[in-house]
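Structure assessment
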Amino acid sequence: MNIIIDSFKLIDQNNRPFTRDSIGDRIFISNFFFTSCPDVCPTINGHIKIASQKLENSTDILFMSHTVDPYNDSVSVLKEYADMFEADDQQWKFLTGKKSTIYHLARDSYKAVIQEVPDTNTFIHSEKIMLVDKQFQVRGIYDGMNFDEVMDLIKDARFLLKIYADQKKNNEKN
């Protein structure tokens, strides 16, 4: 099953527009969260922080955390949250925007389960972290609560980066 990420237009934690084109020629790792989430989201974003540190020397990788609560997670709230995780603005984007855009990405592009619980302020959101290649195809889905799976994500991201580096070398030879 090919899962391709659609075009989108969101805003990052620095109040800058961020689109699919902003990703450039990089692979990326994505998740969905909300800042007032008490336990699952901080754990997953803590694991993403570890992954970002282990992959920080690669300029060919980007981390994208999308809020599923854009009404409460304003740009300033996302900036504060990003600072709490000591996120490098160039490597890790915390994204907000139109709720319809975010939920379309979550449900239809990433195939992550995200829906609101009626008559509450609660969200059912995915604990999944997705690895996406340079062609915007999801290459792996990992349980962000499971540290071993996060380590697999790091290993798979390094492998994907190596494939692209090898392709680049081969193209330069020819």
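Structure's up top.
Here the structure is a predicted model, which is why all the values come from computation and not from measurement.

Focus: the nonpolar core
A general feature of soluble globular proteins is that nonpolar side chains tend to end up buried together. Counting residues in each nonpolar core, the largest one holds 50 residues, and the members touching the most others are I5, F28, I29, M64 and Y110. Broken down by element, the residue count for this core peaks at seven residues, all from helix α4 (residues 147-173). Residues contacting I5, with those up to four places away along its chain left out, are R20, F28, L105, S109, Y110, V132, F136 and V138.

Observations regarding the sheet that holds strand β5 (residues 92-95)
Taken in spatial order, the five strands of this open sheet run β5-β4-β3-β8-β9, and their pairing is mixed. Of all strands in the sheet, those bounded by a partner on one side alone are β5 and β9 (138-143). This sheet shows a mean twist of 20° between the axes of neighbouring strands, independent of strand direction. One ladder, built from five bridges, connects strand β8 (residues 128-132) with β9; its direction is antiparallel. Bridging from a neighbouring strand, L131 pairs with G140 of β9.

Describing the packing of helix α1 (residues 40-54) against α4
Direction vectors running N to C along α1 and α4 enclose 30°, while the axes themselves pass 10 Å from each other. The angle between α1 and α4 falls in the class roughly parallel. The element α1 and its partner α4 pack so that their crossing is right-handed. Listed contacts from α4 to H47, I50, A51 and K54 of α1 are F147, V150, M151, I154 and R158.

Notes on unusual backbone geometry
In the Ramachandran plot, N15 falls in the positive-phi region, its phi being about 65° despite a non-glycine side chain. Within the fold, N15 resides in the loop between β1 (9-11) and β2 (17-19). Exposure remark for N15: the relative accessible area of 52% places this residue in the exposed category. For E86, which is not glycine, the phi torsion reads 50° and is therefore positive. Along the chain, the position of E86 falls in the loop between α2 (75-84) and β5. Owing to a relative accessible area of 63%, E86 belongs among the exposed residues under this scheme.

What counts, and where the lines are drawn
- Residues numbered from 1 in each chain as written.
- Predicted model: local features only at pLDDT ≥ 70, side-chain atom pairs only at ≥ 80, totals over all residues.
- Heavy atoms only, no water.
- Core = buried A, V, L, I, M, F, W, Y, C linked by side-chain atoms within 4.5 Å.
- Buried < 20%, exposed > 50% of the residue type's maximum accessible area, 1.4 Å probe, protein only.
- Helix = DSSP H or I, 4+ residues; strand = E, 2+ residues; numbered from the N terminus.
- Contact = heavy atoms within 4.5 Å.
- Pairing = 2+ DSSP bridges.
- Axes fitted to C-alpha atoms, helices over the stretch in contact; angles between N-to-C directions.
- Parallel < 35°, antiparallel > 145°, perpendicular 65-115°, else oblique.
- Left-handed = near helix turned anticlockwise from the far one by under 90°.

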